[in-house]
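Observations on the three-dimensional arrangement
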Amino acid sequence: MSSDMLLQQPLPPEYTSLTWAELDERIAAAKAALGKSVVILGHHYQREEVIKFADFRGDSFKLSQLAAGRKEVDYIVFCGVHFMAESADILSGAHQKVILPDLSAGCSMADMADIDQVEECWESLCASIDDTIIPITYMNSTAALKAFVGENGGAVCTSSNAEAVMRWGFEQGRRLLFFPDQHLGRNTAVYRMGMSGDECGLWDPRESDGGLAKEHLRNARVFLWKGHCSVHQLFTPKQVERAREEHPGINILVHPECCFEVVGMADFTGSTEYIIKKVEAAPTASKWAIGTEINLVNRLAKEHPDKLILSLDECVCVCSTMYRIDPPHLLRVLDNLLEGNVVNQIAVPPETQEWARVALNRMLEIT
Ligand code: 13P
Ligand code: SF4
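Description of the structure in this document. (Residues numbered from 1 in each chain as written. Chains lettered and ligands numbered in written order. Predicted model: local features only at pLDDT ≥ 70, side-chain atom pairs only at ≥ 80, totals over all residues. Heavy atoms only, no water.)

What follows is about the nonpolar core. Residues Val-77, Phe-78, Leu-125, Val-222, Ile-252, Ile-290 and Leu-312 are the most contacted members of the largest nonpolar core, which totals 124 residues. The dominant element in this core, judged by the number of residues it contributes, is helix H5 (residues 82-91), at six residues. Discounting residues that sit within four places of it in the chain, Ile-290 has contacts with Phe-235, Leu-253, Ile-275, Val-279, Val-297, Leu-300, Ile-309, Leu-310, Ser-311 and Leu-312. (Core = buried A, V, L, I, M, F, W, Y, C linked by side-chain atoms within 4.5 Å. Buried < 20%, exposed > 50% of the residue type's maximum accessible area, 1.4 Å probe, protein only. Helix = DSSP H or I, 4+ residues; strand = E, 2+ residues; numbered from the N terminus. Contact = heavy atoms within 4.5 Å.)

Turning our eyes to something else, we now look at the site of ligand 1. Neighbouring residues of ligand 1: His-43, Tyr-45, Asp-59, Ser-60, Asn-140, Ser-159, His-232, His-255, Glu-257, Ser-271 and Thr-272. Here an oxygen atom of ligand 1 and a side-chain polar atom of Asn-140 are 3.2 Å apart. Contacts to ligand 1 include His-255, whose side-chain N or O atom sits 2.8 Å from an oxygen atom. In isolation ligand 1 offers 300 Å² of accessible surface; the protein chains occlude 96% of this area. Taken together, the residues of the shell around ligand 1 break down into one nonpolar, eight polar and two charged. (Near = heavy atom within 4 Å. Polar contact = N/O pair within 3.5 Å; in protein donor to acceptor, adjacent residues only side chain to side chain. Areas by Shrake-Rupley, 256 points an atom, 1.4 Å probe, with all protein chains shown as cover. Nonpolar A, V, L, I, M, F, W, Y, C, P; charged D, E, K, R; others polar.)

Glancing now at unusual backbone geometry. Residue Pro-180 is bonded to the preceding Phe-179 through a cis peptide linkage, with omega at -5°. Tracing the backbone shows Pro-180 in the loop between strand S7 (175-179) and helix H9 (182-192). For Asp-209, which is not a glycine, the phi torsion comes out positive at approximately 50°.

Taken as a whole and judged by the stated rule, the model has five aromatic pairs. With centroids separated by 4.6 Å and ring planes inclined at 15°, the aromatic side chains of Tyr-191 and Phe-260 adopt a geometry described as stacked. You can see Tyr-191 sitting in helix H9 and its partner Phe-260 sitting in helix H12 (residues 260-265), a full 69 residues away along the chain. Given the relative accessible area of 38%, Tyr-191 is considered partly exposed. Residue Phe-260 is classed as partly exposed on the basis of its relative accessible area, which comes to 25%. Aromatic side chains Phe-268 and Trp-288 sit 5.8 Å apart centroid to centroid with 35° between the ring planes, which places their arrangement in the tilted category. A residue pair is termed long-range when its members are at least 10 positions apart, and Phe-268 in strand S11 (residues 268-269) and Trp-288 in strand S12 (residues 287-291) qualify at 20 residues. Through successive ring pairs, a cluster of aromatic residues spans Trp-122, Phe-148, Phe-179 and Trp-225. Seen from the ring of Tyr-323, Arg-47 lies directly overhead, with NZ or CZ sitting 3.7 Å from the centre. (Phe/Tyr/Trp six-rings, centres within 6.5 Å; stacked < 30°, edge-to-face > 60°. Lys NZ or Arg CZ within 6 Å of the ring centre and 35° of its normal.)

Below you can see the structure in the form of structure tokens.
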């Protein structure tokens, strides 16, 4: 985890001793008192007790658009994880401040690629390949990686636009370096763009030359970083088989961070926003086994009692870092704003912002 995520101070006892009802009441009151100066954005994986206070909900793409478009507010309280708040800071105006209620809300996938490793990989690839290589980073990455991508002619993508961004990348150069999620990269290249598995080379940052044989280095069109999501990698082909055996006719709907085999067996794949829309549009009595974070699956089950909605994995798949944003942390940052104090601000250094904004804006323009 990067050092700027280690700064979260323990909550003062006045916040940890409140009941759920007291927290609810005080958050609502603080929000009302702050009025239009604050907008609360919530990612779909946020727990119920937090998401109910969000003015807007979304997947990472929608939240980045919202952060870019709400120039009238002074403060953006981001109920999500660190990389999302960083992107909001880069896309929002200079007069706006972005706040992450718990600074330790990181993302294990984003931590799997750091700037030194990526620069090493880039130098090695550029030295052994004559073609132009376009770097593409998944939104789930640090601002430093987004800046690297912007400076080297690439773009950011999210799970809802990876195909469009990769197609754009191939218009700019013959090969792509995609990080940090190997699964989103491979699933998009093979299932959406019709490439063969052999055209994807897996780059392991712990091995020399990424662990790639010379022939593979020559032939690969997409170099995939060896990173993954610790939540989505828990979904397995066996679970898909079991859901189909136990519930004939069930639809398997998964996030593209799931592994290649699971996405290959699924009926539908898409971002959190896509998953929500798919279930909303489904007929009464339809059956769904969903492969994504459990807070979203439970919410969908509650909102659609006329449909059968299950998690593909019977064991709870919670994103432990998203879960760190809880009512006491949310209340503390709102209370501080009421007193004129900005705590837990996410401020990306200006020199990083410049190129990271280029990479993010390229994504917004492409889609
Ligand atoms: P979405 O862009 O689909 O919301 O995904 C973000 C994420 O972190 C999934 O693990
Ligand atoms: Fe990161 Fe996975 Fe959590 Fe998404 S679900 S924020 S990729 S750890």
